Amino acid sequence: MKFPISTIAQLIGATIEGNANAEIFTLSKIEEGKPGGICFLANPKYTHHIYSTQASAVIVANDFVATEPILATLLRVENPYNAFTFLLQKAQEMMQVKTGIEQPCFISPTAKIGENVYIGAFAYIGHYAEIGNGTKIYPHTYIGDNAKIGENTTLHANVSVYMGCEIGHNCLIHAGVVVGSDGFGHAPQNDGTYAKIPQIGNVVIENHVEIGANTTIDRGTMGSTRICDGVKLDNLIQVAHNVVIGKNTVIAAQTGISGSTKIGESCMIGGQVGFVGHINITNGVKIGAQSGVSKDIRIEKSAWRGSPVQEYRQQLKSEAIFRQLEELSKKVHELEKMMKG
Amino acid sequence: MKFPISTIAQLIGATIEGNANAEIFTLSKIEEGKPGGICFLANPKYTHHIYSTQASAVIVANDFVATEPILATLLRVENPYNAFTFLLQKAQEMMQVKTGIEQPCFISPTAKIGENVYIGAFAYIGHYAEIGNGTKIYPHTYIGDNAKIGENTTLHANVSVYMGCEIGHNCLIHAGVVVGSDGFGHAPQNDGTYAKIPQIGNVVIENHVEIGANTTIDRGTMGSTRICDGVKLDNLIQVAHNVVIGKNTVIAAQTGISGSTKIGESCMIGGQVGFVGHINITNGVKIGAQSGVSKDIRIEKSAWRGSPVQEYRQQLKSEAIFRQLEELSKKVHELEKMMKG
Amino acid sequence: MKFPISTIAQLIGATIEGNANAEIFTLSKIEEGKPGGICFLANPKYTHHIYSTQASAVIVANDFVATEPILATLLRVENPYNAFTFLLQKAQEMMQVKTGIEQPCFISPTAKIGENVYIGAFAYIGHYAEIGNGTKIYPHTYIGDNAKIGENTTLHANVSVYMGCEIGHNCLIHAGVVVGSDGFGHAPQNDGTYAKIPQIGNVVIENHVEIGANTTIDRGTMGSTRICDGVKLDNLIQVAHNVVIGKNTVIAAQTGISGSTKIGESCMIGGQVGFVGHINITNGVKIGAQSGVSKDIRIEKSAWRGSPVQEYRQQLKSEAIFRQLEELSKKVHELEKMMKG
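Computed from a predicted structure; not experimentally measured.

Engineer: Explain helix α2 (residues 80-94) of chain B to me, and be specific about the residues and the numbers.
Structural biologist: Across its 15 residues, α2(B) extends 21 Å between first and last C-alpha, which sits within 8% of the 21 Å expected from 1.5 Å per residue. Looking only at α2(B), the buried set comprises B:P80, B:A83, B:F84, B:L87, B:L88, B:A91 and B:Q92. Residues of α2(B) that are buried sit in contact with β23 (194-196) of chain A together with α1 (5-12), β4 (26-27), β5 (37-40), β6 (57-61) and β7 (73-77) of chain B. Between the side-chain oxygen at the start of α2(B) and the backbone nitrogen of B:Y81 there is a gap of 3.1 Å, and the oxygen is on B:N79.

Here's what the structure looks like:
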């Protein structure tokens, strides 16, 4: 979609300096501006870019004073950053206008479907499943029997929600996510085989949760695996059975959390971290990327790193010496020679 | 589904103490019991929970003697653990009663479909593919041409089985699993590009195998990538071309196995482990989480840990000293000063 | 499919020694030959296998001289390796003959579909999407609105391409891949929650790119996440928003690249590597498996390893001493005693 600069100026309450008719179809950073693009200038560090940017329009502060000629149209506002963020949000909304029910799709006659939903072609809504008002189910997404999806939640394409799982309001579930696969539980038998431990719990995802592409969340063995309000999970994360992730915790890609581990609220977990099972991590904890967490962490707002983890600064010291281990080893050998020789 | 306690008592041959009419709809641990739930008491360590549990019913041993009042109905049996496991299995079976062929689905006229199958809406069964008796193919699952699925096997939603791959009997394949994608083989050319090495083999998954959500198993370059009887793979595991995983080996989430590596029988592999290609791991080997295995392991039942791995206890010692490397380094510097100063 | 040996001999211009009528239906290595299979002998190290192979036919050099009886039919050519590679490619081509449009599928009336395409049942082609000539879209694959797929590209089953993303010519995208999910961007708010940073960019995949199963590539926050010509990505890789991967770089499975990191041309990255965000890796760099890269790498063709990475050989030395840390520590304690005692 394209809009004349005049339309955008109206949206953000800007005064226009330059060509008001040029058409805008994308947003960008000032240093990456291209014709048809709009960008903003807030940080004086970037001011020099405004004289060379290819962007068609730049949002600037009311008090901005140019010291060289500028090709782009200027849009003057009180707060350029806020105005640009507003445009970004509008652009994001325009990308999500899907509505209605495409055919063919499969909706069980016993399913409850809210109002103003989008259900894409080839979506599958199982028996007694519930889809809340304003929710969007993209093509090829599977909602198992008795599963419940709240209001204003989006499930992108090729998502699988197993039977009986629950997803709340205002959630965003990316393509390929699996919610409710069996926990990994197998009891060793005398003949060397394993007997499957039944996995009859479910997954409960609360509200305002975002789950990244191809992340997997296993159902509880009994009870629920629970992702609390406001949690943000990146792509390709593994969440095992009966894990609880506390409110507003964010976890980067490819991290894995083993069964029954509880992570507190407002934690920040890096990518490719591993947690063993049955441990407790308190609130506000930070874990560096690629760490291995094998025991409880009880100190709020503490920072950890390494595999196995130790306190963050201690780990950095150990790592620094590790890089010079050859030198340390040589010194010890020298000392040995001096002592014994 | 709900059942009166009396029905459950009949199922497990229990004598009832208390209200036989209360309705049960879920199973739980005794410490997490809620109204409508049934739990069990076997381990004396948990006995105190029976006096406070909210569960509607508790399965106890015939010889259990209460020392305080209990609100829950008691179901007395010889072996509470076995009785509860039996109920768990019944509950699991009730979750898997899907049968019949939903429409629309795509079944090639040349495919062979067994009896008592479930084929969900939007499932795709390719030319000359075979689906055994009692097998369940969930919605959005793709079975390529000439692929063969055995009897009483379940493929959950959004699984992709490439052409010519084979899955045996009594297997459980979770959502998003990919079976038979191309091995990662590319021959460097003089101009810096890579030429694709054709990948014409297949994947053979034997019987009683469970594969976790979004795990990927590449086809052999030539011949087969093979997952042997009784193997259990967790979620998000990568199995490269021509890998062989021996009978009854279990592997935790996010582990990756590079091309042509052979893993023996009855091994236990932790999560996020990496194996380089073209190595052999003998039977009964245990590998700790986040390890990196870069060479053959020839000692049966040996345990390993670290990246690169070393023998388990040796690695623990190295890790312990690593955590105190700063101290060690200081001592060396002190000694140096004393010697030289 | 089966072919008599005589047909295969014609294809590769071979002279036949032995039974020309036996039927061939598979290719294999000489040490794994089975009846109905054809293999080749080029490396003298493998010559002894030719006297015991079960294969029905072996491609040998014109000047090969047998010293014992051989059961297999011999096919004599100038260059056995090239002849075999040619057969492998033919076999691969025969596996990819899908064409036509299967029903039911969903093709928006505003989509542009090229000639000689394959569109599988349950494929979804969104509004204004473009599919180039000769391209194959397998079942359950989702092409969002305004997405563009070039010519002679294959997308296997259950792939999700979000709106506005672009994939070039001659690409191969394996099952379960996600292209264009939102970048992981969340701005912390005063109340502890996070506000979503809109992700309005896209993903651009250039030509001759291969992407492994269940790999995820996030869209740019603004601008594009870019996978350049000739890049080969293995399975389960995470590529974050605004990452750029340079021409002809190959990356092994389960590696993760954080936001805005740029990787140069012709790099070779091992499996399970992690890159932090906003760093630059120059051309021709090699990174060992399970490494953690947390800073710019500016030396072309340099090799690195470890977490955090150090120069390859230096890291190997540190690792070697790490394995003997216990011994080193004991020596230091001994020296201490000698000095102080």
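Engineer: Could you give me a rundown of the interface of chain C and chain B, with the residues and numbers involved?
Structural biologist: Size of an interface: often given as the accessible area lost when the parts come together. At the interface, 56 residues of chain C touch 65 residues of chain B. For the interface between chain C and chain B, the tally reads 4 salt bridges. Among the ionic pairs, B:K317 bridges to C:E326, the shortest N-O distance being 3.6 Å. Between chain C and chain B we count 29 residue pairs in polar contact (both at pLDDT 80 or more) in total. Among the secondary structure elements, those contributing two or more residues to the side of chain C that touches chain B are α2 (80-94), β28 (232-233), β31 (250-251), α3 (312-323) and α4 (325-340) of chain C. Across the side of chain C that touches chain B, the residue classes tally to 28 nonpolar, 16 polar and 12 charged.

Engineer: Summarise the interface of chain C and chain A; cite the residues concerned and give the values.
Structural biologist: With 65 residues of chain C at the interface, the matching set in chain A holds 56 residues. For the chain C and chain A pair, buried surface summed over both sides reaches about 4,800 Å², with 63% attributable to carbon and sulfur atoms. Of all residues in chain C, C:F184, C:Y194 and C:M222 bury the most surface against chain A, accounting for 14% of the area lost on that side. Linking chain C with chain A are 4 salt bridges. One salt bridge in this structure joins C:K331 and A:E336, with 3.9 Å as the shortest N-O distance. Seen at the junction of chain C and chain A, the total is 29 residue pairs in polar contact (both at pLDDT 80 or more). At 8 residues, α4(C) tops the list of elements feeding residues into the side of chain C that touches chain A.

Engineer: With reference to specific residues and values, describe the pattern of salt bridges.
Structural biologist: Once their charged atoms are close, side chains differing in charge can pair, the charge on each being opposite to the other. Counting across every chain of the model gives 36 salt bridges over all chains. Where A:E93 meets A:K90, a salt bridge forms, and the shortest distance between an N and an O atom there is 3.6 Å. You can see A:E93 and its partner A:K90 sitting in helix α2 (residues 80-94), 3 residues apart, about one turn around the helix. Salt bridges sharing partners connect three or more residues here, namely A:D182, A:K196 and B:E210.

Engineer: Kindly report on the domain arrangement of chain A, identifying the contributing residues and their values.
Structural biologist: Split by domain assignment, chain A resolves into domain 1 (3-95) and domain 2 (100-316). Domain 1 of chain A and domain 2 of chain A are separated by 39 Å when their C-alpha centres are compared.

Engineer: If you had to explain the relation of the copies chain C and chain B to someone new, which residues and values would you point to?
Structural biologist: Once turned by 120° and shifted 0.0 Å along the axis, chain C lies on chain B with an RMSD of 0.1 Å. Expressed as a symmetry operation, the mapping of one chain copy onto the other fits a three-fold axis.

Engineer: So, the state of the cysteines: which residues are in play, and what are the values?
Structural biologist: Under the defined criterion, the tally for this structure stands at 0 disulfides over all chains. Of all cysteine sulfurs, the one in A:C105 lies closest to C:C105, which takes part in no disulfide; the gap is 16 Å.

Calculation notes
- Residues numbered from 1 in each chain as written.
- Chains lettered and ligands numbered in written order.
- Predicted model: local features only at pLDDT ≥ 70, side-chain atom pairs only at ≥ 80, totals over all residues.
- Heavy atoms only, no water.
- Helix = DSSP H or I, 4+ residues; strand = E, 2+ residues; numbered from the N terminus.
- Expected span 1.5 Å × (residues − 1).
- Buried < 20%, exposed > 50% of the residue type's maximum accessible area, 1.4 Å probe, protein only.
- Contact = heavy atoms within 4.5 Å.
- Polar contact = N/O pair within 3.5 Å; in protein donor to acceptor, adjacent residues only side chain to side chain.
- Salt bridge = Lys/Arg side-chain N within 4 Å of Asp/Glu carboxyl O.
- Nonpolar A, V, L, I, M, F, W, Y, C, P; charged D, E, K, R; others polar.
- Buried area = accessible area lost by both parts, 1.4 Å probe.
- Domains from an automatic or database assignment.
- Least-squares fit on C-alpha atoms with pLDDT ≥ 70 in both.
- Disulfide = S-S within 2.5 Å.

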